[in-house]
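Structure at a glance
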Amino acid sequence: QPKFAYYNVPVFPGMSAPLRTIIRAGMSLTITDANLRERTITVFLEDLDAFLTALEIPNTDAMQVFLLNNENAVIWRGRGAYDDAQGEAFRGAVVQ
């Protein structure tokens, strides 16, 4: 059985320190699941567009999911709400 860790990484454009504090506080309040809250790493990037381009994310209208192997290579990616097809593809990537 494969072992893996998961993280929730919301990514925001760069902003002032006071606004980052408000965002982080809001995230702590709105993520009610303690386990998920512990696994959330909020990132603020000055060049968000470069980040999105590097990960081949065309827009931010849906959640992105990446499965990385031990060498940090992306071996599967999903987008948007869970559906059976994405679930099957994910399971296939995990058991490889």
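Refer to the preceding data block for the structure.
What this report covers is the structure whose coordinates are included nearby. Here the structure is a predicted model, which means the values were calculated and not measured.

1. Let's talk about the overall build of the chain
The helix and strand inventory of the chain stands at four helices and four strands. The helix and strand sequence of the chain, counted from the amino end, reads β-α-α-β-α-β-β-α. Overall, the chain is about 45 × 30 × 25 Å in size when its C-alpha atoms are taken along their principal axes. The burial tally for the chain puts 18% of its 96 residues in the buried class. Considering only intrachain contacts with a sequence separation of at least 6, the fraction spanning at least 24 residues in the chain is 40%.

2. Quick notes on helix α4 (residues 84-94)
Along α4, the positions that sit buried rather than exposed are Gln86, Gly87, Ala93 and Val94. Viewed along the axis of α4, the buried residues span an arc of 125°, placing them on a single side of the element. Seen from the open side of α4, the exposed residues pointing more than 90 degrees away from its buried face are Asp84, Ala85 and Glu88. Turning to α4, the residues buried within the fold contact β3 (64-68) and β4 (74-79).

3. Notes on the pairing of β3
Sheet analysis places β3 next to β4, joined by five bridges and oriented antiparallel. Each bridged residue has a counterpart across the sheet, and for Gln64 the counterpart in β4 is Arg79. Connecting β3 to the next strand, β4, in antiparallel fashion are five residues, including Asn72 with a positive phi near 65°.

4. Digging into unusual backbone geometry
Among all residues save glycine, negative phi is the norm, and among peptide bonds the norm is trans. Of note, the phi angle at Glu56 is positive, near 55°, even though the residue is not glycine. Residue classification places Glu56 among the exposed residues on the basis of a relative accessible area of 63%.

5. Comments concerning the layout of surface pockets
Considering only enclosed or pocket space, the largest pocket measures out at about 1,200 Å³ in volume. Every residue lining the largest pocket is counted, 33 residues in all, and those nearest its centre are Tyr7, Met63, Gln64, Val65 and Phe66. Broken down by secondary-structure element, the contributors of at least two residues to the lining of the largest pocket are α3 (48-54), β3, β4 and α4. Counted by class, the lining of the largest pocket contains 24 nonpolar, eight polar and one charged residues.

6. As for a nonpolar patch on the surface
A contiguous nonpolar patch, built from Tyr7, Val9 and Ile41 and spanning about 300 Å² of accessible area, is present on the exposed surface. When you line up the elements, Ile41 lands in the loop between α2 (34-38) and β2 (43-45). Take Ile41: its relative accessible area is 44%, and that puts it in the partly exposed class.

Definitions and cut-offs
Residues numbered from 1 in each chain as written. Predicted model: local features only at pLDDT ≥ 70, side-chain atom pairs only at ≥ 80, totals over all residues. Heavy atoms only, no water. Helix = DSSP H or I, 4+ residues; strand = E, 2+ residues; numbered from the N terminus. Buried < 20%, exposed > 50% of the residue type's maximum accessible area, 1.4 Å probe, protein only. Contact = heavy atoms within 4.5 Å. Arc of directions from axis to C-beta. Pairing = 2+ DSSP bridges. 1 Å grid on protein atoms, 1.4 Å probe; cavity = no way out; pocket = protein on both sides within 12 Å on 5 of 7 lines; lining within 4 Å. Points joined across faces, edges and corners; volume = space filled by probe spheres on them. Nonpolar A, V, L, I, M, F, W, Y, C, P; charged D, E, K, R; others polar. Patch = residues over 30% accessible without salt bridge, like charges linked within 9 Å, V, L, I, M, F, W, Y side chains within 5 Å. Areas by Shrake-Rupley, 256 points an atom, 1.4 Å probe, with all protein chains shown as cover. Salt bridge = Lys/Arg side-chain N within 4 Å of Asp/Glu carboxyl O.

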